[in-house]
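Architecture and fold: a report
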Amino acid sequence: MIMTPATTATAEKRLVIVRHGESLWNRENRFTGWTDVKLTERGRIEAIEAARLLKQHGYRFDFACTSLLVRAVHSLWLLLDELGQSWLPEEKSWRLNERHYGALEGLNKAVTAERYGHEQVMAWRRGYRAAPPPLLPDDPRHPGRDARYRRLAVASQPLSESLAATEQRVINYWREVIVPRLRRGEHVLLVSHSNVIRALVKHLDGLEEDALTALYIPTGVPIVYEFDDKIAPRQRYFLGDEQDIANRIAAVIRTGSKK
Ligand SMILES: O=C(O)[C@@H](CO)OP(=O)(O)O
């Protein structure tokens, strides 16, 4: 992904993607997935700082979307508040939820690597086809037991997801909700999760599966996409200070080793 200064805040068809700020389980280095974990104070500040950067460069939005998980919802609300756009129409969708990490949710990533081996854990975390071990059908964390997923068809309630499966639902959302709005010239803000953003970037940039192992998404850094009339990406860049972004990416790469 290239990095350029934001000189085109008024581009006609634009999507800005922000990964939610640090969550309690990001801090503790635990697999999170569909577990609904709150932001840390640092995570709240990251969301506010992302909004300040957008504001400073003149970004405004017509529509915002996020997942059904509070770390993303609260990040969006903090962003909109700081942008002075809390009135914006917004939509929450399970399709923008983090990848379901199955039976790994709650486990420390470094401890899991000791138990299953580093290679296996990296295949689950950064590979494309490997799905983590699923939840058992009677697990109290089964999505069917959670009120927010009650209207979701049983076949769509995951017990674990590979990145490929995550990509499918994310692309459905992209095609059904975001593309029509971009075609109308709307500016869309999407606040979501690491693996949702990796899946969407793979799709938009036409990345090969192999390239995914090196694709890391820092928390709270706006990723800007500008599109042509056919909604093909014309430009994409991180917004912010290059060194700061490099440090944040390095911090994400280091996750996995902290107990
Ligand atoms: O635990 C998770 O839900 C995700 C994001 O924090 O982890 P990873 O980056 O390892 O895919």
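Just so it is clear, the model here is predicted, and its values are computed rather than measured.

Formed by 43 residues in total, the largest nonpolar core has its most connected members in Val16, Ile17, Leu79 and Leu200. Of all the secondary structure elements, the ones that give two or more residues to this core are strand 1 (14–19), helix 2 (41–56), strand 2 (63–66), helix 3 (70–83), helix 6 (163–183), strand 4 (187–192), helix 7 (194–205) and strand 5 (223–227). Residue contributions to this core peak at six residues, all from helix 3. Sequence-distant contacts of leucine 200, that is, excluding residues within four places in its chain, are made with Ile17, Val170 and Trp174. Formed by five residues, the second largest nonpolar core is a distinct cluster that contains Phe31, Leu104, Val121 and Trp124.

So, on to the packing of helix 4 (residues 109–116) against helix 5 (residues 118–126). Two measures define how a pair of helices packs: the angle their axes make with one another and the distance between the axes. Packing of helix 4 against helix 5 brings their axes to within 6 Å, and their N-to-C directions diverge by 125 degrees. Of the possible angle classes, the one that applies to helix 4 and helix 5 is oblique. Contact residues: Lys109, Thr112, Ala113 and Tyr116 in helix 4; His118, Gln120 and Val121 in helix 5. Within the contact of helix 4 with helix 5, the residues separate by chemical class into three nonpolar, three polar and one charged.

Moving on, we get to the site of the ligand. Near the ligand the following residues occur: Asn26, Phe31, Thr32, Gly33, Glu98, Tyr101, Arg125, Ser194 and Asn195. Looking at side-chain class alone, the shell around the ligand contains two nonpolar, five polar and two charged residues.

It is worth spelling out the sheet that holds strand 4 at this point. Sheet architecture is open: six strands sit in the order 3-2-4-1-5-6, paired in mixed fashion. Every interior strand has two partners, whereas the edge strands, strand 3 (90–92) and strand 6 (233–238), have only one. The mean inter-strand angle of the sheet, taken between neighbouring strand axes irrespective of direction, is 15 degrees. Pairing geometry for strand 2 and strand 4, over four bridges, is parallel. Within strand 4, the residue paired with phenylalanine 63 across the bridge is valine 188.

With that settled, the discussion passes to the pairing of strand 5. Of all the five residues making up strand 5, four are buried; the element is thus mostly covered by neighbouring parts of the structure. Here four bridges tie strand 1 to strand 5, and the two strands are oriented antiparallel to one another. Considered in strand 5, the bridge of arginine 14 is made with glutamate 226. Linking strand 5 to strand 6, which pair antiparallel, is a turn of five residues; within it isoleucine 231 sits at a positive phi near 60 degrees.

What follows concerns the UniProt feature "active site" (unreviewed entry) in the protein chain. Summarizing the sequence annotation, UniProt attributes the feature "active site" (unreviewed entry) to His20 and Glu98 in the numbering used throughout. With the annotated positions falling across 79 residues, the maximum pairwise C-alpha distance of 10.6 Å places them together in a single cluster. Setting aside its immediate chain neighbours within four residues, histidine 20 contacts Gly43, Arg71, Ala72, Ser75, Val191, His193 and Thr219. Relative to the helices and strands, glutamate 98 is located in the loop between strand 3 and helix 4. Among the residues examined, glutamate 98 registers 26 C-beta atoms within 10 Å and is labelled buried.

About the cut-offs
Residues numbered from 1 in each chain as written. Predicted model: local features only at pLDDT ≥ 70, side-chain atom pairs only at ≥ 80, totals over all residues. Core = buried A, V, L, I, M, F, W, Y, C linked by C-beta atoms within 7 Å. Buried ≥ 20, exposed ≤ 12 C-beta atoms within 10 Å, placed from the backbone. Helix = DSSP H or I, 4+ residues; strand = E, 2+ residues; numbered from the N terminus. Contact = placed C-beta atoms within 7 Å. Axes fitted to C-alpha atoms, helices over the stretch in contact; angles between N-to-C directions. Parallel < 35°, antiparallel > 145°, perpendicular 65-115°, else oblique. Nonpolar A, V, L, I, M, F, W, Y, C, P; charged D, E, K, R; others polar. Near = placed C-beta within 6 Å. Pairing = 2+ DSSP bridges. UniProt positions renumbered as here; feature names shortened; annotations may be inferred.

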